[in-house]
Number of protein chains: 2
Amino acid sequence: MAERFDEDALHAVGVRIDAEHPEGIIFDPHQPQLRVTDLSAVRGDGIFETMLAVQGHVRKFSAHLERLQRSAAITDIAIPPHASWRAAVELGLEEFRTRGGLPDELAVRITASRGVDGEPASDDPAYSGTYWALLTPVSEKVKKSRGRPISVTLLDRGYDSTASERAPWLLLGAKTLSYAVNMAALRWAVAHGHDDVIFTTSDGYVLEGPVSSILLGHRTSDGQVQLMTPSAEAGILPGTTQATIFRAAEQAGWKTSAGPVTIADLHAAQFLWLTGSVKLVSPIGRIDDHEVAVDAELTSALLEFLTQSG
Amino acid sequence: MAERFDEDALHAVGVRIDAEHPEGIIFDPHQPQLRVTDLSAVRGDGIFETMLAVQGHVRKFSAHLERLQRSAAITDIAIPPHASWRAAVELGLEEFRTRGGLPDELAVRITASRGVDGEPASDDPAYSGTYWALLTPVSEKVKKSRGRPISVTLLDRGYDSTASERAPWLLLGAKTLSYAVNMAALRWAVAHGHDDVIFTTSDGYVLEGPVSSILLGHRTSDGQVQLMTPSAEAGILPGTTQATIFRAAEQAGWKTSAGPVTIADLHAAQFLWLTGSVKLVSPIGRIDDHEVAVDAELTSALLEFLTQSG
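No experiment lies behind these values; they were computed from the predicted model shown.

Chemist: Hey, could you go over the nonpolar core for me, with residue numbers and the actual values?
Modeler: Ranked by size, the top nonpolar core spans 50 residues in total, and within it Leu170(A) and Leu170(B) carry the most contacts. Mapped onto this core, the elements with two or more residues apiece are α7 (180-191) and β8 (196-200) of chain A together with α7 (180-191) and β8 (196-200) of chain B. Not counting residues up to four positions away in its chain, the partners in contact with Leu170(B) are Asp156(A), Arg157(A), Gly158(A), Val181(A), Tyr159(B) and Ala163(B).

Chemist: So what's going on with the interface of chain B and chain A? Which residues, and what values?
Modeler: A common way to express how large an interface is: the accessible area buried when the components associate. Residue-level contacts link 48 residues of chain B with 48 residues of chain A. Roughly 4100 Å² is buried in total at the junction of chain B and chain A, and carbon and sulfur atoms are behind 62% of that figure. Between chain B and chain A we count two salt bridges in total. Linking Arg166(A) and Asp156(B) is a salt bridge whose minimum nitrogen-to-oxygen distance equals 2.5 Å. Breaking the side of chain B that touches chain A down by element, the ones donating at least two residues are α2 (39-43), β6 (130-137), β7 (150-156) and α7 of chain B. With seven residues, α7(B) is the single largest residue contributor to the side of chain B that touches chain A. Among the residues forming the side of chain B that touches chain A, the class breakdown is 25 nonpolar, 11 polar and 12 charged.

Chemist: Please provide a residue-by-residue account of the domain arrangement of chain A, values included.
Modeler: All names here are of chain A. Under the domain assignment, chain A is made up of domain 1 (2-138) and domain 2 (144-308). In this assembly, 25 residues from domain 1 lie in contact with 21 residues from domain 2. With both chains or domains summed, domain 1 and domain 2 bury close to 1800 Å², and 61% of this area falls on carbon and sulfur atoms. Looking at the side of domain 1 facing domain 2, the largest losses of area belong to Phe 48, Lys 60 and Arg 67, adding up to 33% of the total buried there. At the junction of domain 1 with domain 2, the criterion picks out one salt bridge. The tally of links between domain 1 and domain 2 comes to 12 residue pairs in polar contact (both at pLDDT 80 or more). Of all elements in the fold, only α2 (39-43), β3 (46-54), α3 (61-75) and β5 (105-113) reach the threshold of two or more residues within the side of domain 1 that touches domain 2.

Chemist: Report on helix α10 (residues 296-308) of chain B, specifying residues and quantitative values.
Modeler: All names here are of chain B. Between its first and last C-alpha, α10 extends 18 Å over 13 residues, near the 18 Å set by a 1.5 Å rise per residue. If you check which residues of α10 are buried, you get Leu 298, Thr 299, Leu 302, Phe 305 and Leu 306. Taken end-on, α10 shows its buried residues confined to a sector of 115°, consistent with a single buried face. Exposed and oriented more than 90 degrees from the buried face of α10 are Ala 296, Glu 297 and Gln 308. Buried positions along α10 lie against β9 (213-219), β10 (225-230), α8 (240-251), β12 (271-276) and β13 (280-287). The N-cap of α10, judged by a side-chain oxygen 2.9 Å from the amide nitrogen of Glu 297 a few residues on, is Asp 295.

Chemist: Help me get a handle on the relation of the copies chain B and chain A, residues and values and all.
Modeler: Of the transformation superimposing chain B on chain A, the axial component is 0.0 Å and the angular component is 180°, with the fit at an RMSD of 0.0 Å. The transformation relating the two chain copies, once decomposed into turn and shift, fits a two-fold axis. In this assembly, 100% of the residues forming the interface of chain B have copies in chain A that are likewise at the interface, indicating an isologous arrangement.

Chemist: Which residues make up the environment of Pro32(A), and what are the values?
Modeler: Assignment of secondary structure puts Pro32(A) in the loop between β2 (21-27) and α2. Dropping the residues within four chain positions of it, Pro32(A) is found in contact with Pro32(B), Gln33(B), Leu34(B) and Arg35(B).

Chemist: Summarise the sheet that holds strand β3 (residues 46-54) of chain B; cite the residues concerned and give the values.
Modeler: All names here are of chain B. Reading across the sheet, the six strands line up as β2-β1-β6-β5-β3-β4 and stay open at both edges, with antiparallel pairing between neighbours. In this open sheet, the two edge strands, each paired with only one partner strand, are β2 (21-27) and β4 (57-58). The pairing of strand β5 (residues 105-113) with β6 spans eight bridges and is antiparallel. By the bridge assignment for β6, Leu 106 is matched with Pro 137.

Chemist: Break down the packing of α8(B) against α10(B) for me, with residues and values.
Modeler: All names here are of chain B. The contact between α8 and α10 brings their axes to 9 Å, and the two run at 95°. In terms of axis orientation, α8 runs roughly perpendicular to α10. Residue-level inspection shows Thr 241, Thr 244, Ile 245, Ala 248 and Ala 249 of α8 in contact with α10, the latter providing Leu 302, Phe 305, Leu 306 and Gln 308. When the residues that make up the contact of α8 with α10 are grouped by side-chain class, the tally is six nonpolar, three polar and no charged.

Chemist: How would you sum up unusual backbone geometry? Please name residues and give values.
Modeler: All names here are of chain B. The backbone of Asp 76 shows a phi angle near 60°, a positive value even though the residue is not glycine. On the secondary structure map, Asp 76 appears in the loop between α3 (61-75) and α4 (82-99). Positive phi values are uncommon outside glycine, yet Asp 288 reaches one of about 50°. Checked against the element boundaries, Asp 288 lands in the loop between β13 and β14 (290-291).

Chemist: Got a sec to walk through the sheet that holds β3(A)? Specific residues and values, please.
Modeler: All names here are of chain A. Read across the sheet, six strands follow the order β2-β1-β6-β5-β3-β4 without closing on themselves; strand pairing throughout is antiparallel. Bordering the open sheet on either side are β2 and β4 (57-58), each of which pairs with just one other strand. Of the strand pairs in this sheet, strand β1 (residues 13-18) and strand β6 (residues 130-137) are connected by five bridges, and their pairing is antiparallel. Bridge assignment links Arg 16 to a residue of β6, and that residue is Trp 132.

Thresholds, definitions, all that
- Residues numbered from 1 in each chain as written.
- Chains lettered and ligands numbered in written order.
- Predicted model: local features only at pLDDT ≥ 70, side-chain atom pairs only at ≥ 80, totals over all residues.
- Heavy atoms only, no water.
- Core = buried A, V, L, I, M, F, W, Y, C linked by side-chain atoms within 4.5 Å.
- Buried < 20%, exposed > 50% of the residue type's maximum accessible area, 1.4 Å probe, protein only.
- Helix = DSSP H or I, 4+ residues; strand = E, 2+ residues; numbered from the N terminus.
- Contact = heavy atoms within 4.5 Å.
- Buried area = accessible area lost by both parts, 1.4 Å probe.
- Salt bridge = Lys/Arg side-chain N within 4 Å of Asp/Glu carboxyl O.
- Nonpolar A, V, L, I, M, F, W, Y, C, P; charged D, E, K, R; others polar.
- Domains from an automatic or database assignment.
- Polar contact = N/O pair within 3.5 Å; in protein donor to acceptor, adjacent residues only side chain to side chain.
- Expected span 1.5 Å × (residues − 1).
- Arc of directions from axis to C-beta.
- Least-squares fit on C-alpha atoms with pLDDT ≥ 70 in both.
- Pairing = 2+ DSSP bridges.
- Axes fitted to C-alpha atoms, helices over the stretch in contact; angles between N-to-C directions.
- Parallel < 35°, antiparallel > 145°, perpendicular 65-115°, else oblique.

See below:
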C-alpha cells in the first residue's frame, strides 16, 4: 500500500473544465488531451498561473485568479468563473486523496487556451476555450533548493522601460503561454554557469526573472529592514509571492516600497532574492562576476512570512 | 461520392512523426494528440513553418526545411531529418488522394515541439520531441484575398534595431510557437480598422508583418523596376516568398536589394506589398492615415513569379 502510494505520488492529476463539466472532470495527463489545432500549441496563445498547494491548501488562490483574470482581459481570452477553477482544483486534490494519499506539496498549474480557431468549445463564452488544471507533486530537488543561494546573470529583455506603456499589443503585463524567450534565457544562464536570470530593459532598468520576481533588501544600522521591488509599470508581472511577503513584512514593522530599480541600484543592494510561488525564496549570492552578501536570517524570515500566510 | 469528397475536403489531415514512424503516420486532427505537458502547449516552446501545396506540389519545400533547421539551431530543439518531413507530408497528400480527391491548394504546417519536459519521446535525439504536419485545404476567402489591396497599421515591436545582435536569447531569427504578441498585434489592427500590421523597431526601422514579409517597389521613369526588403540582420525572419520573388525578379531584369529600411523610407516608397507562403502577395493601399498607390500590373507580375517558380 505504501508502495502504491509512492508510485502514484509520481503521477500528476489533470482536471479539464468545459461547459458540461464546469466543476471539472479528471483526466490522465499521460494521455493526449489537446488537438494539434488548439491555439495553445499552435501559437502559445493562452494564459496560465502556477500555484502551490500545501497539505491540500492552495496558497493565495484569489491573488492568482485575479492575475489570471487580468491576463485574460489583456489577451481577450474568455475564462470560466473563479468558482469553476476552485472546484476543478478541489476535484484534483480529492483525486489524490482517493488514490491513497495527498502529497504534502503540489504544484497546481491552471491554464486557459483560446481554444481551437473558429471552433468555440461552447456557445457560452466563459467556456469557449480550452481549460485545465494540472496538479504535480513538488520534487525533492525543488524543495531542497528553497533558501539556497543562487547565481544569476543579467540579460537584456530587448525592450526599453516605456515599451509596456506605449505598446499594449506586446502583452507585457499578461502571463501568456508564449514563454520561448523565457526558456531560452534560462538555457543561456545555465550554459554560462548560472542558475537563473534577471531581465533588464535596454535603458538599464531591472525587470524580473523569467519565472520569478526580484526583491532588494537593506538592513539599517538600527536593525530596521527595508524591502524594495521593481514597480509593475515597468511591464512586469505583479508577483503574488512578493506581494504576500510585503504584506507580512509590513505587519512585522518592515518598510516596503515599489519603484523603478536601475542596474546600479541592483549592484548597490545589500541583499537580493528571487521569489516564486513554488520555489518560494532564493537568495542571490552572485550576479555575473559580482558576489552578493547572503543573510540566512533574513531569508528564513521571508520563508516564514509565506508559511504564516498559509 | 461527390458529396463525400466535398465533406472530406473540409477536413484537415494530420501526420505525426516519431522514432517508430520516421516517414509519418496519419492521425485525425479532430482527436486529441498532445499531452497537456507537451512544451508546445505549456510554453509555446517549439518551431514551425507554413507552406503551400498546389496540386500536390509543395512550393519551396527546401527553403522552408532550411529555415526550420535554422530555428531548431537557435532554439536548441532537435528535429527529424528533412527526408522524414518530406515523407510525412507526402503521406498526408496521399491520404487526401485516397479519400477521393486532393484539394487544389493545401496549407501545410510542419511543427516541432521540444516535447514533454524530462521525458524524451525517443533515445534518438532526432525524434526526442513531438513532430507533426497538418494539411488543411486553403479557404476560398484566403484565395480571393490574394492580390487585393489591404490597409496596414505600423506597430512598435518594442525592440530597437540592435536587439537581435546583442541579445540572442530573444530568439529573434527563429520562427517559434510563441506567437501571442503577433496575434495580439493582428487583433489590435482589426480593432482599429486595418487588415494587417507592419512591425517597426523602437528606433524607427521597418521589420516585418506578424505573419509576412514586406516588399518596397519603385518603377523608374525608364520602366525599370526595383524591389527592396528589410535585411535579416534587423532580427526578422528571412522570407521564403520574398526570396522566391527576388530570384525570379532578378531573372526578369529587375533590380533587388536588402538593407535597413526606415519608417521614412516606407512612407516614401512608391509601392508596397506584404508577402507570405499562403496569402502570397497583398498590395498595401493604406498605411494608417496615408494612402499608398497600388499598381495592379506589378502585383500580377509578383504573383506570376511565384507561379513560375512552381
